[in-house]
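Listed below, chain by chain, are the residues.
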Amino acid sequence: MKKIVVLTGAGISAESGISTFRDANGLWENHDIMEVASIEGWNANPQLVLDFYNVRRAQLKSVKPNSAHYFLANLDSNHDVTIITQNVDDLHERGGSSKIIHLHGELNKVRSVRNDEVTFDCTENIFLGDLAKDGGQLRPHIVWFGEMVPMMDAAIEETLQADIFIIIGTSLQVYPAASLLDYTKTDAKVICIDPNELPINNNVIHIKKSATEGVNDLVQYIK
Ligand code: OAD
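Predicted model, so just to flag it, every value in this text is computed and none were measured.

Undergrad: Break down the pairing of strand β4 (residues 80-85) for me, citing the residues and quoting the values.
TA: Buried residues dominate β4, accounting for 5 of its 6 residues. Relative to β4, strand β1 (residues 3-8) runs parallel, the two being bridged by 6 bridges. When the bridges of β4 are listed, Ile4 appears paired with Val81. Across 3 bridges, the pairing between β4 and strand β5 (residues 100-102) is parallel. When the sheet's bridge partners are listed, Ile83 is paired in β5 with Ile100.

Undergrad: Give me the lowdown on helix α5 (residues 67-75), citing residues and values where you can.
TA: All buried positions along α5 are accounted for by Ala68, His69, Phe71, Leu72, Ala73 and Leu75. The elements touched by buried residues of α5 are β1, α1 (10-14), β4, α6 (91-95), β9 (164-168) and α8 (211-222). A distance of 2.8 Å separates the backbone nitrogen of Ala68 from a side-chain oxygen at the start of α5, and that oxygen is part of Asn66.

Undergrad: Quick rundown of the UniProt feature "binding site: substrate" (unreviewed entry) in the protein chain? Include the residues and the values.
TA: Within the UniProt annotation, "binding site: substrate" (unreviewed entry) is assigned to Tyr53 and Arg56. As for the lining of the largest pocket, the annotated residues named previously contribute Tyr53 and Arg56. Among the residues examined, Tyr53 registers a relative accessible area of 1% and is labelled buried. Mapped onto the elements, Arg56 comes out in helix α4 (residues 46-60). Judged by relative accessible area, Arg56 falls into the buried class, the value being 10%.

Undergrad: So what's going on with the site of the ligand? Residues and values would help.
TA: The environment of the ligand is formed by 24 residues, the closest being Arg22, Thr170, Ser171, Asp194 and Asn196. For the ligand, an oxygen atom lies 3.1 Å from a polar atom in the backbone of Gln86. Within the backbone of Gly169, a nitrogen or oxygen atom sits 3.3 Å from an oxygen atom of the ligand. Here the ligand loses 94% of its free accessible area of 800 Å² to cover by the protein chains. Residues of the shell around the ligand, tallied by class, amount to 10 nonpolar, 10 polar and 4 charged.

Undergrad: Which residues make up the packing of α5 against α8, and what values go with them?
TA: Each pair of packed helices can be described by the angle between their axes along with the distance between the axes. Contact geometry of α5 with α8 gives a least axis separation of 8 Å together with a crossing angle of 25°. The orientation of α5 relative to α8 falls into the category roughly parallel. On α8, the residues that touch Ser67, Ala68, Phe71 and Leu75 of α5 are Ala211, Thr212, Val215, Leu218, Val219 and Ile222. Of the residues belonging to the contact of α5 with α8, the class tally is 8 nonpolar, 2 polar and no charged.

Undergrad: Before we move on, could you go through the side chain of Ser38 and cite the residues and values that matter?
TA: Counting through the fold element by element, Ser38 comes out in the loop between α2 (33-36) and α3 (39-44). Classification of Ser38 as buried rests on a relative accessible area of 2%. In this structure the side chain of Ser38 is engaged in a polar contact, spanning 2.6 Å, whose partner is the backbone oxygen of Met34. From its side chain, Ser38 meets the backbone nitrogen of Gly41 in a polar contact 2.9 Å long. With near-sequence residues (within four places) excluded, Ser38 lies in contact with Ile33, Trp144 and Phe145.

Thresholds, definitions, all that
Residues numbered from 1 in each chain as written. Predicted model: local features only at pLDDT ≥ 70, side-chain atom pairs only at ≥ 80, totals over all residues. Heavy atoms only, no water. Buried < 20%, exposed > 50% of the residue type's maximum accessible area, 1.4 Å probe, protein only. Helix = DSSP H or I, 4+ residues; strand = E, 2+ residues; numbered from the N terminus. Pairing = 2+ DSSP bridges. Contact = heavy atoms within 4.5 Å. Polar contact = N/O pair within 3.5 Å; in protein donor to acceptor, adjacent residues only side chain to side chain. UniProt positions renumbered as here; feature names shortened; annotations may be inferred. 1 Å grid on protein atoms, 1.4 Å probe; cavity = no way out; pocket = protein on both sides within 12 Å on 5 of 7 lines; lining within 4 Å. Near = heavy atom within 4 Å. Areas by Shrake-Rupley, 256 points an atom, 1.4 Å probe, with all protein chains shown as cover. Nonpolar A, V, L, I, M, F, W, Y, C, P; charged D, E, K, R; others polar. Axes fitted to C-alpha atoms, helices over the stretch in contact; angles between N-to-C directions. Parallel < 35°, antiparallel > 145°, perpendicular 65-115°, else oblique.

As structure tokens, this is what we get:
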């Protein structure tokens, strides 16, 4: 059975109605990314950051997986598939994929500021003063700029074994996620779906289409 590893980014959820990060003048839902997605931003204004992720968490309830998420989930029936996603939404889960690594955390989880290993499911708003059992303020379980990426080792392990490595909807601007490409086997087939130019070399097959259109072209390469 072929091992397929798929690295996804914001572009795969764009057609579900979730904004990407770098397509709108460097702003994410009208905020500077560093204001709402960095440890410095959290330390400077935790209320703003909590409010920001409360809105993102609520938005998840109004969006649905698209045909690209479902396409990847369907691959599970004939292949050994691992999704490595930079997205904090739960659209791969709701699309039906079974093996998912969230590199940058998950919107529907929170944790104490004192403990980065224990997370709690959370689908509602959190506010300053909402404490975990250890007495620490609850914060979103998101890997912000300036923080370690604890799932990176697991992602590298998967990538090293991939026969086919597929990249969908990521600008490959953010490290260490973008460095996964460097861990592919020399004979692995590498395919990328993104409508825009990317920092990739000629060995990568670039399907210059949106995620929902581009996944249909994958069939010929996966056979
Ligand atoms: P970006 O916003 O940097 O890149 C989105 C990519 O999706 C771009 O390459 C677009 O060309 C592409 N795209 C747009 N619409 C698309 C569509 N319909 N189908 C396919 N591709 C499309 O998002 P990421 O690369 O995911 O981290 O960003 C990486 C990380 O930066 C995020 O996980 C986030 C952010 O800061 C954190 O919040 C920690």
